[in-house]
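Structure assessment
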Amino acid sequence: MDDAQHQLEERIAHLTRVADDLSDIVADQQGRIERLERRLAMVMQREAERELSEGGSVPLGDQRPPHW
């Protein structure tokens, strides 16, 4: 019985470590996604400003598609 308990404790320790590692990975990925979203928003804003400064009336992202 002692051996079975030891195996279960080892398995629990392993699964706990895996869960902690995965949690760290998810937290890191969330941070990366947030940074990428901010950068994308900045790029889209710059592109809209560039289009407007080159004589465009309304940036394409703000125009309705022709089928509306």
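Being a predicted model, the structure only gives us computed values, none of them experimental.

**Some details on the overall build of the protein**
In terms of regular secondary structure, the protein is built from one helix and zero strands. A burial count over the protein gives 3% of its 68 residues as buried.

**Some remarks on a negative patch on the surface**
Together, Asp-2, Asp-3, Glu-9 and Glu-10 give the surface a local cluster of negative charge. Along the chain, Asp-2 turns up in helix α1 (residues 2-53). Classification of Asp-2 by relative accessible area gives exposed; the value is 62%.

**Describing a nonpolar patch on the surface**
On the surface, Val-18, Leu-22 and Ile-25 cluster together to form a nonpolar patch covering roughly 240 Å² of accessible area. Note that Leu-22 resides in helix α1.

**Overview of α1**
Taking 1.5 Å per residue as the helical rise, α1 with its 52 residues ought to reach 76 Å, and the 76 Å between its terminal C-alpha atoms agrees with that figure. Looking one or two places after α1, you find Gly-55, whose phi comes out positive at around 105 degrees.

**Observations regarding the pattern of salt bridges**
If you walk through the whole model with that rule in mind, you get three salt bridges. Note that Glu-47 is salt-bridged to Arg-50, the shortest N-O span being 2.3 Å. With Glu-47 and Arg-50 both in helix α1, this residue pair falls three residues apart, about one helical turn. Judged by its relative accessible area of 32%, Glu-47 falls in the partly exposed class. Using a relative accessible area of 37% as the deciding quantity, one classes Arg-50 as partly exposed. Its salt-bridge partner being Glu-54, residue Arg-50 comes within 2.8 Å of it at the nearest N-O pair. By sharing partners, the salt bridges in this structure join Glu-47, Arg-50 and Glu-54 into a single network.

What counts and what doesn't
- Residues numbered from 1 in each chain as written.
- Predicted model: local features only at pLDDT ≥ 70, side-chain atom pairs only at ≥ 80, totals over all residues.
- Heavy atoms only, no water.
- Helix = DSSP H or I, 4+ residues; strand = E, 2+ residues; numbered from the N terminus.
- Buried < 20%, exposed > 50% of the residue type's maximum accessible area, 1.4 Å probe, protein only.
- Patch = residues over 30% accessible without salt bridge, like charges linked within 9 Å, V, L, I, M, F, W, Y side chains within 5 Å.
- Areas by Shrake-Rupley, 256 points an atom, 1.4 Å probe, with all protein chains shown as cover.
- Salt bridge = Lys/Arg side-chain N within 4 Å of Asp/Glu carboxyl O.
- Lys, Arg positive; Asp, Glu negative; His and termini not counted.
- Charge placed at Lys NZ, Arg CZ, Asp CG, Glu CD.
- Expected span 1.5 Å × (residues − 1).

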